[in-house]
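Read off the chains here:
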Amino acid sequence: MPSIAEFLGMVVYMYWDEHPPAHFHVRFGGMWASIDVYTGELVDGALPRKKLNKSEEWRKLHIEELLKNWEIVSKNGSPNKVAPL
């Protein structure tokens, strides 16, 4: 699955046919995390605190785009790119 954004060494993905809640995946090095689009809460995985903070800053800036992408991927579509931080 192609990424939707890349910044500060992090790569952000949204996958097709995902389960609720609306979320995105962040990979950094060998680490990964799933983050709730609505709340910014960590759903699963782990990242360094600074990277979680930056992903939260990015999420807040792009929440509308992320929600639109969630709608697209929940219908098995390809998500749109989102601007980096």
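Keep in mind that this is a model prediction, so the values were computed, not measured.

> Is there a simple way to think about the sheet that holds strand S4 (residues 31–36) in this case?
Sheet strands pair by backbone hydrogen bonding; their relative direction is either parallel or antiparallel. The strand order S1-S2-S3-S4-S5 describes an open sheet built from five strands, whose pairing is antiparallel. Sheet topology places strand S1 (5–7) and strand S5 (42–46) at the edges, where each strand pairs with a single neighbour. Direction aside, neighbouring strands of the sheet carry axes that sit 15 degrees apart on average. Pairing between S1 and strand S2 (residues 10–13): three bridges, direction antiparallel. For alanine 5, the partnering residue across the bridge sits in S2 and is valine 12. Across the sheet, helix H1 (residues 49–61) touches S1, S2, strand S3 (23–28), S4 and S5, and the angle it forms with S3 is around 140 degrees.

> I tried to follow the pairing of S5 on my own but got confused; where do I start?
Regular strands place side chains that alternate from one sheet face to the opposite one. Here four bridges tie S4 to S5, and the two strands are oriented antiparallel to one another. If you follow isoleucine 35 over to S5, its bridge partner there is leucine 42.

> Help me understand a nonpolar patch on the surface in this model?
Among the surface-exposed residues, Leu8, Leu61 and Leu85 lie close enough to one another that they form a single nonpolar patch of about 280 Å² accessible area. Note that leucine 61 resides in helix H1.

> Could you clarify how one ought to interpret the pattern of salt bridges in this entry?
Pairs can form between side chains of opposite charge once their charged atoms are near each other. Going through the model one piece at a time under the given rule, you end up with four salt bridges. Between glutamate 57 and lysine 54 there is a salt bridge; the shortest N-O distance is 3.4 Å. Of the two residues, glutamate 57 and lysine 54 are both situated in helix H1; the distance of three residues between them amounts to about one turn of the helix. On the accessibility criterion, glutamate 57 (36% relative accessible area) is partly exposed. The partner of glutamate 56 in a salt bridge is lysine 60, with the nearest N and O atoms 3.9 Å apart. Taken together, the residues span about one helical turn, with glutamate 56 and lysine 60 both in helix H1 at a distance of four residues. Judged by its relative accessible area of 56%, lysine 60 falls in the exposed class.

The rules behind each value
Residues numbered from 1 in each chain as written. Predicted model: local features only at pLDDT ≥ 70, side-chain atom pairs only at ≥ 80, totals over all residues. Heavy atoms only, no water. Pairing = 2+ DSSP bridges. Helix = DSSP H or I, 4+ residues; strand = E, 2+ residues; numbered from the N terminus. Axes fitted to C-alpha atoms, helices over the stretch in contact; angles between N-to-C directions. Contact = heavy atoms within 4.5 Å. Patch = residues over 30% accessible without salt bridge, like charges linked within 9 Å, V, L, I, M, F, W, Y side chains within 5 Å. Areas by Shrake-Rupley, 256 points an atom, 1.4 Å probe, with all protein chains shown as cover. Salt bridge = Lys/Arg side-chain N within 4 Å of Asp/Glu carboxyl O. Buried < 20%, exposed > 50% of the residue type's maximum accessible area, 1.4 Å probe, protein only.

Note that all results are geometric; they support no functional claim without further evidence.
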